[in-house]
Amino acid sequence: MLNYKNLSEQDGEVMAIVQRETVRQVEEMELIASENYVSKAILEAMATVLTNKYSEGFPGHRYYGGNQFVDEVETIAVERAKKLFSAEHVNVQPLSGSPANAAVYMAFLKPGDKVLGLRLDHGGHLSHGHPVNFSGMLYDFTQYEVDITTGQINMEKVREIALREKPKMIVAGYSAYSREIEWQKFKEIADEVGAFTFADIAHTAGLIAAREMNNPTPIFDVVSTTTHKTLRGPRGAMIMCKEQFAKQVDRAVFPGMQGGPHDHITAAKAVCFGEALQPGFKIYAKQVIANAKLMAEEFIKLGYKIISGGTDNHLMVVDMTSKGLSGKEAEIILDKCGISVSRSTIPNDPNPPMNPSGVRFGTPAITTRGMKQEEIKKIVVWINAAIEQREEPEMLENIKKQVKNMCLEFPIPSI
Ligand code: DSN
């Protein structure tokens, strides 16, 4: 862990909170599909003096002086990202996922243009056209759905909607969808109707970088991703596109959406991409998927309903109503056991988003700790015991102890 001597001495109040969060992370189990643990090197890169710099513009073309070293670090980040995803052009400046997606829409669309995106409660993201989000307010989204019986995207249905709506853009890539995506089919449909193709791979970027899942970057016009989920980097995002769209994407990020990039985060992104280019990252990604597949199988054996019947990636959405409780209730019960999960809607959820029917489980963080098949089996047994014996505080306390013991056996690499 970093040496927080100065923070401790100057601001004990903030330091105490950081300490409590550190203990929570060390002793508790992270099954939130979008979370992970960065390496010590990434943590250190984020805490560098690069945070002191303003560097609006791009390497070689800045609106501030003194950017020779920031130029170097941004160029390294871009070159590594290109290699990692076989991308023609990369912009590493987006501050996070939603700003990256806003920049993509700004680069390719005019307000009011027609777009297709997956419904939020079917696994999509807020920024894929939900009415309460800027995307749904500024653009004319039509939402496609997963097939309610298979829980999977039916490409014939997507084609039907695309032929009917004639969108200017089709968005694929999701937040709570556990199956491989048919990128090539999306591209064919988009070509048929003259639409741009936009992949949001925030969730699966690490698995794609490791080539454990199919890579849309060589196929699609534009791809966005956050850098802090399966990619295991700092909190942030990036956009990749074909060379022909490079200028319009860069202009949409700056000056369109953002001012100065966060150069300390750019440095951490460069370190993250460097790590993901190492052979060890492929082993990690393989294990993330193997762990998730086993977790889904173990849940199914115990009578849980998994949306789409399993997983090809790092996550699964479990319909908790199959066990007589809501996703929120399950989240609260598991919290009592030191297990963090996020409640999730299920397709056509009869319950509201604040109290939906499902829970989304993910394996990126526990795999970073080194947990494998043996641990996954125990974890599912604990989760099931907690759900089934939720009225027994002693049982929940007992599970919490076992969770803590396992977590201490598998330390977080950066702490
Ligand atoms: N909030 C992220 C997630 O949990 O999937 C998506 O932005």
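Our subject is the structure that appears above.
These numbers were taken from a predicted model, which means no experiment stands behind them.

Turning our eyes to something else, we now look at the nonpolar core. In terms of nonpolar packing, the biggest core is built from 58 residues, with Phe 85, Tyr 144, Phe 186 and Leu 231 touching the most fellow members. When residues of this core are assigned to their parent elements, the largest contribution, seven residues, is made by helix H4 (residues 68-85). Those residues in contact with Phe 85 that sit more than four places away from it in its chain are Ile 201, Ala 205, Ile 208, Ala 209, Arg 211, Asn 215, Thr 217, Leu 231, Met 238 and Met 240.

With that settled, the discussion passes to the site of the ligand. Close contacts around the ligand come from Ser 34, His 125, Ser 175, His 203, Lys 229 and Arg 360, and that covers them all. The side chain of His 125 places a nitrogen or oxygen atom 2.9 Å from an oxygen atom of the ligand. In the environment of the ligand, an oxygen atom lies 2.8 Å from a nitrogen or oxygen atom belonging to the side chain of Arg 360. Across the complex, the protein chains shield 62% of the 230 Å² of accessible surface that the ligand would expose by itself. Taken together, the residues that form the shell around the ligand break down as no nonpolar, four polar and two charged.

Attention shifts here to the packing of aromatic side chains. Overall, the coordinates contain 16 aromatic pairs when judged by the stated rule. Taken together, a centroid distance of 5.8 Å and an interplanar angle of 90 degrees make the contact between Phe 196 and Phe 245 edge-to-face. Remark: Phe 245 occurs in the loop between strand S10 (237-241) and helix H10 (246-257) and Phe 196 occurs in strand S8 (residues 196-200); sequence separation between them is 49 residues. The buried category is assigned to Phe 245, whose relative accessible area is 9%.

Next up on the list: the pattern of salt bridges. Across all of its chains, the model carries 21 salt bridges by this definition. Overlapping salt bridges, with partners in common, bring together Arg 62, Asp 71 and Glu 74 in one network.

Turning our eyes to something else, we now look at unusual backbone geometry. A cis amide bond, omega 10 degrees, links Phe 254 with the succeeding residue Pro 255. Structurally, the position occupied by Pro 255 is in helix H10. Phi is positive for Ser 86, which is not a glycine, with a value near 55 degrees. Of note in the backbone geometry, Ser 308 takes a positive phi value of approximately 80 degrees without being a glycine. With respect to the helices and strands, Ser 308 occurs in the loop between strand S11 (305-306) and strand S12 (315-319). Ser 308 sits in the buried class, given a relative accessible area of 12%.

This part is about the packing of helix H12 (residues 279-301) against helix H15 (residues 373-388). Axis separation between H12 and H15 bottoms out at 9 Å; the angle between their running directions is 35 degrees. Once H12 is placed against H15, the crossing between them reads as right-handed. Two secondary-structure elements touch here, H12 through Gln 287, Ala 290, Asn 291, Leu 294, Met 295, Glu 298 and Phe 299 and H15 through Gln 373, Ile 376, Lys 377, Ile 379, Val 380 and Ile 383. Residue composition of the contact of H12 with H15, grouped by class: eight nonpolar, three polar and two charged.

The next thing to look at is the packing of H4 against helix H11 (residues 263-276). For the pair H4 and H11, interaxial distance at closest approach is 8 Å and the crossing angle is 35 degrees. Where H4 crosses over H11, the two elements pack in a sense that is left-handed. Only Asp 263, Thr 266, Ala 267, Ala 270, Val 271, Phe 273, Gly 274 and Ala 276 of H11 make contact with H4, whose side of the interface consists of Val 70, Val 73, Glu 74, Ile 76, Ala 77, Arg 80, Ala 81 and Leu 84. A breakdown of the residues in the contact of H4 with H11 according to their chemical character gives 11 nonpolar, two polar and three charged.

Along strand S7 (residues 169-172), one buried face is formed by Met 169 and Val 171 and the opposite face, lined by Ile 170 and Ala 172, is buried too. Pairing of strand S5 (residues 114-118) with S7, which is carried by two bridges, proceeds in the parallel orientation. Across the sheet, residue Leu 116 finds its bridge partner in S7, namely Ile 170. Bridge count between S7 and S8: four bridges; the pairing is parallel. Paired with Ile 170 across the strands is Thr 197, a residue of S8. Traced from S7 through helix H8 (residues 183-193) to S8, the parallel crossover comes out right-handed.

Our focus in this paragraph is the sheet that holds S7. Strand pairing in a sheet relies on backbone hydrogen bonds, with the paired strands running either antiparallel or parallel. Sheet architecture is open: seven strands sit in the order S4-S10-S9-S8-S7-S5-S6, paired in mixed fashion. The strands lining the two open edges of the sheet, one partner per strand, are strand S4 (89-91) and strand S6 (140-144). Pairwise comparison of adjacent strand axes, ignoring direction, gives a mean angle of 20 degrees for this sheet.

Let us now look at the sheet that holds S11. Taken in spatial order, the four strands of this open sheet run S11-S12-S15-S14, and their pairing is antiparallel. Every other strand in the sheet has two partners, leaving S11 and strand S14 (342-344) as the edge strands with one partner each. With five bridges joining them, S12 and strand S15 (residues 358-362) adopt antiparallel strand pairing. By the bridge assignment for S15, Val 318 is matched with Val 359.

Take a nonpolar patch on the surface next. Where nonpolar side chains cluster on the molecular surface, the patch consists of Tyr 54, Tyr 63 and Tyr 64 and spans about 390 Å² of accessible area. Along the chain, the position of Tyr 64 falls in the loop between strand S3 (61-62) and H4. Overall, the relative accessible area of 36% leaves Tyr 64 in the partly exposed class.

We now examine the pairing of S12. Across the five residues of S12, five count as buried, placing the element largely inside the fold. Every second residue of S12 is oriented toward a common face, with Leu 315, Val 317 and Asp 319 on one face and Met 316 and Val 318 on the other, all of them buried. Note that S11 and S12 share two bridges and pair antiparallel. Pairing of Lys 305 across the sheet is with Asp 319, part of S12.

Each value, and the rule that gives it
- Residues numbered from 1 in each chain as written.
- Predicted model: local features only at pLDDT ≥ 70, side-chain atom pairs only at ≥ 80, totals over all residues.
- Heavy atoms only, no water.
- Core = buried A, V, L, I, M, F, W, Y, C linked by side-chain atoms within 4.5 Å.
- Buried < 20%, exposed > 50% of the residue type's maximum accessible area, 1.4 Å probe, protein only.
- Helix = DSSP H or I, 4+ residues; strand = E, 2+ residues; numbered from the N terminus.
- Contact = heavy atoms within 4.5 Å.
- Near = heavy atom within 4 Å.
- Polar contact = N/O pair within 3.5 Å; in protein donor to acceptor, adjacent residues only side chain to side chain.
- Areas by Shrake-Rupley, 256 points an atom, 1.4 Å probe, with all protein chains shown as cover.
- Nonpolar A, V, L, I, M, F, W, Y, C, P; charged D, E, K, R; others polar.
- Phe/Tyr/Trp six-rings, centres within 6.5 Å; stacked < 30°, edge-to-face > 60°.
- Salt bridge = Lys/Arg side-chain N within 4 Å of Asp/Glu carboxyl O.
- Axes fitted to C-alpha atoms, helices over the stretch in contact; angles between N-to-C directions.
- Left-handed = near helix turned anticlockwise from the far one by under 90°.
- Pairing = 2+ DSSP bridges.
- Right-handed = clockwise from strand over helix to strand, strands pointing away.
- Patch = residues over 30% accessible without salt bridge, like charges linked within 9 Å, V, L, I, M, F, W, Y side chains within 5 Å.

Distances and angles like these do not, on their own, reveal function.
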